[in-house]
Structures are given as structure tokens and as C-alpha cells.
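Analysis of the macromolecular model
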Amino acid sequence: MATRLDLDHRRTDRRTVLGLLAAALWPAGAARAEAPRLKFADLYARYGELSPRALETTGQAVSMRGYMAPPLKPEVAFFVLTALPMSVCPFCETEAQWPEDIVVVYTDGPFDIVRYTDLVVVTGRLETGKKVDADTGFLSLVRIVDATVEKL
Amino acid sequence: MKLLPTLLLAGSALATATLPLAAQDALPQAQDSYFQAGQAALAEKLADQPRTGRAKNVILFIGDGMSIPTITAGRIFEGQSRGVDGESNSLSFERLPYAALSKTYTHDAQVADSAPTASAMTSGVKTLNGVIGVDQTVKHDTCAGAADAAVETIFEQAEAAGLSTGIVSTARITHATPAAAYAHTPNRDWENDKTLTDEAKANGCKDIAAQLVEWPAGDGFEVILGGGRANFLPAEMADPEVADKKGSRTDKRDLVAEWQKKYNDGVYVWNAAEFANVDPAKVGHMFGLFERSHMQYEADRQKDKAGEPSLAEMTAKAIDVLSKNDEGYVLMVEGGRIDHAHHAGNAARALVDTVALSEAVKTALDKVNLDDTLVVVTADHAHTMTINGYPKRNNPILGLAVEIDGSLSKGDDGKPYTTLQYANGPGAKKDEPRADLSNVDTTDIDYLQQALVPIGESETHAGDDVAIFAAGPWAHLFHGVVEQNFIYHVMAKASDITAR
């Protein structure tokens with residue numbers, strides 16, 4: 001049975017602002033569904049060094065398929081997308097061996113947790129560059145923001 | 001009158017039995033290409049001569065998790081990758097003249113893990129799941145009494161006899177298979193000091209990384225190449241390849257520095273460029289740790305940040321260093337991540353790593369003299385991947401099963417299926433029907449083959465026998481169905497190691 005994530009008040013405000021901005025800049029619904037497919041293999045020339053394709057596509061709509069790593073706790077509004085299933089909660093383990101090509105997905109609203117071995121499709125805007133998440137301290141190099149996620 | 005057909009049959013049987021070889025030409029199938037290939041193979045096998053000299057050198061190749069279906073699918077994959085017929089293709093080690101089946105069960109388990117199986121190969125005894133270099137009298141995860149259960153490995157015997165020794169793996173060099181060359185521990189998970197239990201510390205058990213660097217046999221390994229760098233560096237030290245990560249040790253020891261202090265002819269490397277610069281002629285001891293944890297899958301190796309040598313490149317350099325010793329050498333080379341890919345339910349990476357092992361064996365065969373070097377290629381245990389359906393000849397091995405008449409094979413659920421499937425693992429749906437693969441690229445490197453029993457964390461090992469291939473002195477002793485620990489006995493006999 002799916003679990004809805006609840007967003008706290010602060011995050012909802014931020015999300016509302018972002019949502020409005022995104023709506024202004026961002027094609028809605030049908031256009032997003034046709035976003036070009038990006039594969040994990042397309043992201044890096046070498047791990048740590050983004051590929052030309054990833055750099056060119058930054059800021060654009062993309063869709064990626066992968067697996068939802070078990071989220072930290074219900075209150076976060078992001079999850080980690082992995083090329084192969086990751087069985088452990090990344091933040092729960094002190095020594096989680098993260099693959100080098102993970103993508104952090106910031107959703108545009110609450111999302112259902114999908115079993116970590118079931119494929120999901122994520123559609124959103126590609127963001128690249130090192131960034132530390134303010135709330136969790138999680139460092140990411142590739143992100144998909146304002147994303148929708150759907151179980152395949 | 002019933003007697004006549006019987007007499008006629010008996011007569012013709014007698015006639016066939018005494019037909020000279022040349023008369024095979026007269027058979028209706030004599031011009032068939034398969035028939036002629038069979039006759040050529042017969043001639044080759046008849047020419048095989050066992051070698052009975054002493055094996056100056058021994059090389060043991062282990063494909064971790066390299067089940068027989070992995071080999072079959074691997075040969076098909078390798079051939080198809082080159083655009084040739086896959087089914088009749090051969091991986092390098094399939095051309096070795098002698099083969100046997102290896103029974104991999106352990107002292108306490110029907111299906112083995114890598115620890116007791118590698119120990120069986122290096123010391124000649126079967127033991128418990130989860131333990132390394134200790135016999136059946138030990139209690140898993142209990143240090144007290146473990147020292148009394150320690151066995152002697154062929155690597156320790158080799159060092160004592162003045163031979164050179166080497167271990168190469170794409171897994172952490174403290175992982176079970178390479179550890180079986182040097183470590184003695186009741187728990188394979190004690191790879192660094194942080195993982196030791198209080199009972200272990202109280203009773204004097206050392207972690208595997210420490211055991212490697214403190215190994216008292218001879219002058220230690222001449223060659224150590226693999227992953228697992230974090231197990232050798234203290235938590236206070238940043239990793240050279242990944243600056244925001246540290247070592248894993250909590251005892252403040254830098255085992256790399258300790259190793260470097262031991263040798264004035266030693267070189268430590270951690271990336272592809274440094275490895276390439278190592279001149280075997282000038283180096284007496286070589287230590288390479290190319291990743292914090294396991295090395296990259298071969299399929300991803302080109303993307304490694306600081307670069308990694310391939311298994312074949314590590315094998316070549318290892319042999320170049322070790323063969324400088326006129327007494328001889330004993331070397332273990334492990335394709336350690338065939339197993340990991342299977343555990344992930346990801347056949348594509350398993351097959352690419354199998355081909356990488358084949359390349360490593362080929363590299364060795366091109367360098368050594370089989371008159372004085374025993375080469376053994378085997379697996380520690382099997383996995384649950386099988387080759388299914390009735391796919392037509394040359395059907396892409398990673399693809400959907402397509403039959404001889406060109407139609408897609410389908411299950412009763414009306415959906416197609418891939419030729420390769422796993423019995424369990426992450427590829428299984430939990431309480432949901434399996435996916436329709438009609439529009440899925442099942443040949444994608446990340447594709448997880450469908451499985452039956454859902455075990456998200458890891459597909460399991462399998463208990464079927466694995467193959468042993470061998471060439472060189474006394475390789476012919478590998479015939480029939482043997483216990484896995486028999487491998488040690490042949491290597492020891494061939495090299496006469498305890499008498500040297």
C-alpha cells in the first residue's frame with residue numbers, strides 16, 4: 001500500500017512559490033510528458049565530470065527511469081534515483097556505499113513511495129553542479145527538480 | 001523368424017564396432033559441417049598429452065559466481081559482441097584441455113558463500129559458511145578458539161619455500177576470495193578494525209586488512225592488486241580519489257604507510273596512470289588499491305574518476321613481477337564482480353565481467369609456459385541465472401526469446417520473456433504481475449532480468465556444481481566430478497610445494 005508523504009508548513013510555502021515560478025517558466029502537463037529520455041549512462045564523461053550531453057541539457061525538461069532509494073523519512077520532499085535498486089536508506093546508514101551516478105529528485109508535490117525494486121519514471125527539469133541540500137546536508141551533482149514521479 | 005532381425009542387428013553392430021576410422025567417411029553425414037568439426041575435435045583430443053613435470057608456477061583464476069550458465073551465456077555474448085556466431089564461440093579458458101565438475105557445498109551449507117569455497121581451494125578443506133582460513137571446528141563469528149582452527153594456505157607454503165606470491169581481484173582485496181590466500185578469521189565481515197566485535201578484540205582476532213599487511217609468510221606478497229582502500233586508511237585521512245570521503249579504520253593506523261615502510265623495493269599505486277608507470281623489472285613488491293571499496297564493473301570502468309587497470313592488465317603486470325623469481329610463484333586472480341552483478345539481478349554486467357576474466361586468462365596463457373605453469377580456472381559457487389525458452393540460433397542473448405519461426409515466445413500471461421531469467425532477486429515483482437517487456441530494451445546495461453521470488457536486497461547463490469578448467473603439469477588430474485577442496489590437492493601435488 002502506498003504511503004503519502006506529508007509536507008510541513010514551511011516546505012509547502014517554499015514549494016508554492018517554486019511551483020508558481022515553475023509554472024511560469026515551465027510547460028505544463030502534456031509537454032512535460034514528452035521530455036526527452038536521459039539515461040544514467042549519459043550523465044558522466046567520467047564520474048565526477050559531467051558529460052557534454054548533461055551540460056547541454058541542464059535547465060531543460062528531461063525524463064529518467066530508475067529506482068527510488070528508500071527515503072530518509074516521510075517529511076523530506078526528495079528522493080534519490082538510482083540506476084540499480086538500492087536496498088538501504090542512504091541517510092540512515094553511516095557508511096552507505098553510494099553509486100557515483102545517483103540523481104537527486106526534488107518533487108513538485110507529495111509523492112507515493114515506490115518499492116525500491118520497481119522502476120519509476122521521473123520527469124522534471126535537469127539541474128547540474130555541486131549543491132548541498134540545506135536540510136539534510138546531502139551533496140549532489142545532478143538533480144531533477146519540479147519533478148513528477150510515476151511507477152512504471 | 002523373429003531371430004533373423006536380431007541376428008542381422010547383431011551382425012551390423014559387430015560390423016560398426018570394427019569399422020576403421022576412415023570408414024566414417026562413408027557415413028551419410030560425413031560431409032556435414034558439424035560431423036567434420038567433430039572429427040577434427042577428436043583428432044585434437046587424441047593428440048593431448050598429459051604433462052607430468054613439476055609446476056614451477058601455479059595460477060588460480062576464480063570467476064566469483066561464474067556458474068556454468070554464466071559461461072554459456074558469456075561465450076554467446078562475447079561472440080555476438082564481435083559479430084560472430086555466439087553459440088559455437090569459446091571463451092579463452094574453454095580451450096584448456098582438462099575439465100571437471102566441482103561440488104561446492106560446504107561443511108554446514110548446501111549452498112555456499114565465497115568464504116569457505118575460496119578456503120577450500122587454498123587450503124584443501126571444506127569449512128563453514130562465512131569463515132576464512134579456519135577449519136570446521138571453528139564457531140562462526142566467535143574469535144575464542146579460532147586460532148586453533150587455522151589452516152595453512154598454499155600461498156603460505158609457497159612463501160615458506162621461497163616462491164613469490166600474488167593476489168589480484170576486482171573486489172576489495174579484503175573480500176572473502178582474495179582473503180582466503182592469507183587471512184584466518186571466523187567472520188569474513190571483519191575486513192577492518194571497526195567491524196571487529198568486542199569479543200573478537202578481547203580474544204586477539206585481527207581484522208583482514210591488518211592480517212594482509214602483517215602477513216608473516218616469507219617476505220609477504222610480491223603483488224597485491226584490487227579494491228578496498230578504505231579498509232587500509234584511518235578515518236582521519238581523506239581518500240586520495242574521493243576527497244570528501246575518509247578511510248574506515250578507527251585505530252588510527254595507515255596500513256598503506258606501514259606496508260611501504262616494510263619494503264625498499266616496494267611501490268604503492270592507486271590509479272591507472274601510476275599503475276601503468278610501474279616497471280616490473282624495477283619493482284620487488286607492488287601494492288595497488290584502486291577504489292575505496294570494490295573496483296568498477298568492467299562495463300563502467302572507462303568512467304572511473306582516477307582510472308583503473310583492467311583485470312587483464314593487472315594479471316599481465318602481476319605475472320611480469322612474479323616471474324622474476326627463479327623459484328617460481330603462486331598467483332590468484334579473481335574476477336570478483338561477476339557475482340555482484342548477479343546479486344544485483346543484472347546479467348549484462350555479469351557477462352561483461354565474465355568476458356573480462358576470459359581476457360585475463362588469455363593474457364596469462366600468452367605469457368606462461370604450460371610445461372612449467374599450472375593454470376586452473378574455476379568458480380567458487382553458482383548463481384540462479386538460467387538460459388530459457390527455445391530462442392532461435394543467434395538470438396541476442398540479452399534479448400527477448402524469439403523462436404525459430406520468428407515469433408516472440410510468450411508466457412500464459414500473454415507477455416514475452418527474456419532468454420535470461422533469475423530464480424530470485426531484485427528482478428521479481430512483489431505481489432504484482434510481471435511487466436510486459438514488449439517495448440522494453442532488455443539489452444540495456446542496467447536492465448534487471450525478471451525473476452520469480454522477490455528478494456530485493458540480493459539475488460542468492462545457487463548450489464549447482466561449477467566447472468574447473470585446467471592446463472599445465474598434472475592438469476589432467478582434474479577429471480570427473482570432484483569436491484571443491486580437491487583443487488588445492490592438485491595444485492599442491494603439481495607444484496610439490498611442501499617439499500620445496
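On a predicted model such as this, the values are computed, not experimentally measured, just so you know. (Residues numbered from 1 in each chain as written. Chains lettered and ligands numbered in written order. Predicted model: local features only at pLDDT ≥ 70, side-chain atom pairs only at ≥ 80, totals over all residues.)

Looking only at helices and strands, chain A features three helices and seven strands. Along the chain direction, N to C, the helices and strands of chain A fall in the order α-α-β-β-α-β-β-β-β-β. Per-residue burial over chain A gives 32% buried out of 152 residues. Partitioning the contacts of chain A with sequence separation of at least 6, the portion at a separation of at least 24 is 66%. (Helix = DSSP H or I, 4+ residues; strand = E, 2+ residues; numbered from the N terminus. Buried ≥ 20, exposed ≤ 12 C-beta atoms within 10 Å, placed from the backbone. Contact = placed C-beta atoms within 7 Å.)

With 12 residues of chain B at the interface, the matching set in chain A holds 14 residues. Of the residues contributing to the side of chain B that touches chain A, the split by class is three nonpolar, three polar and six charged. (Nonpolar A, V, L, I, M, F, W, Y, C, P; charged D, E, K, R; others polar.)

Now for the packing of helix H11 (residues 311-322) of chain B against helix H13 (residues 347-367) of chain B. Residues and elements named next belong to chain B. At their nearest, the axes of H11 and H13 sit 8 Å apart, and the two run at 25 degrees to each other. For the element pair H11 / H13, the angle class is roughly parallel. In the packing of H11 onto H13, the handedness of the crossing is right-handed. Contacts between H11 and H13 involve Leu311, Ala312, Thr315, Ala316 and Ile319 on the former and, on the latter, Ala356, Leu357, Glu359, Ala360, Thr363, Ala364 and Lys367. Residue classes in the contact of H11 with H13 are distributed as eight nonpolar, two polar and two charged. (Axes fitted to C-alpha atoms, helices over the stretch in contact; angles between N-to-C directions. Parallel < 35°, antiparallel > 145°, perpendicular 65-115°, else oblique. Left-handed = near helix turned anticlockwise from the far one by under 90°.)

With that settled, consider the sheet that holds strand S14 (residues 466-471) of chain B. Remark on secondary structure: sheet strands pair via backbone hydrogen bonds, oriented parallel or antiparallel. Residues and elements named next belong to chain B. Spatially, 10 strands are ordered S5-S6-S4-S3-S7-S1-S8-S14-S2-S15 in an open sheet, and the strand pairing comes out mixed. Looking at the sheet topology across the chains shown, the edges are occupied by strand S5 (266-269) and strand S15 (481-483). Taken pair by pair, the neighbouring strands of this sheet meet at an average axis angle of 15 degrees, ignoring direction. As judged from the seven bridges shared by strand S1 (residues 57-63) and strand S8 (residues 373-379), these two strands associate in the parallel manner. Bridged to isoleucine 62 within S8 is threonine 378. (Pairing = 2+ DSSP bridges.)

Now for unusual backbone geometry. Positive phi, normally seen in glycine, also occurs at B:Asp141, with a value near 70 degrees. Backbone geometry places B:Asp496, a non-glycine residue, at a positive phi of 55 degrees.

Another aspect to go through is the pairing of strand S6 (residues 285-289) of chain B. All names here are of chain B. Within S6, five of the five residues are buried, which leaves the element mostly enclosed by the surrounding structure. The two faces of S6 match: His285, Phe287 and Leu289 on one face and Met286 and Gly288 on the other face are all buried. Two elements, strand S4 (residues 223-227) and S6, share four bridges in a ladder whose sense is parallel. Paired with valine 223 across the bridge in S6 is methionine 286. Taken together, the four bridges between S5 and S6 define a ladder with parallel strand orientation.

The accessible area lost on association of the parts is a frequent measure of interface size. Residues and elements named next belong to chain B. For chain B, the assigned domains are domain 1 (57-384 + 465-499) and domain 2 (387-459). For domain 1 and domain 2, the distance between their C-alpha centroids amounts to 32 Å. Taken together, the contact pairs 20 residues of domain 1 with 20 residues of domain 2. Looking at the side of domain 1 that touches domain 2, the elements that each hand over two or more residues are helix H3 (68-81), helix H12 (338-343) and H13. (Domains from an automatic or database assignment.)

Another aspect to go through is the packing of H3(B) against H13(B). Residue and element names in this part refer to chain B. Packing of H3 against H13 leaves a shortest axis separation of 9 Å and a crossing angle of 85 degrees. Compared by their axis directions, H3 and H13 come out roughly perpendicular. Of the residues in H13, those touching H3 at Thr70, Ala73, Gly74, Phe77 and Glu78 are Ala350, Leu351, Thr354, Val355 and Ser358.

With that settled, the discussion passes to the sheet that holds strand S11 (residues 420-425) of chain B. Residue and element names in this part refer to chain B. Spatial ordering of the open sheet is given by S10-S11-S12, a layout of three strands whose pairing is mixed. Here the strands that pair on one side only, and so sit at the sheet edges, are strand S10 (385-387) and strand S12 (451-454). Across this sheet, the average inter-strand angle for adjacent strands is 20 degrees, counted without regard to direction. Here S10 pairs with S11 via three bridges, running antiparallel. Pairing of methionine 385 across the sheet is with tyrosine 422, part of S11.

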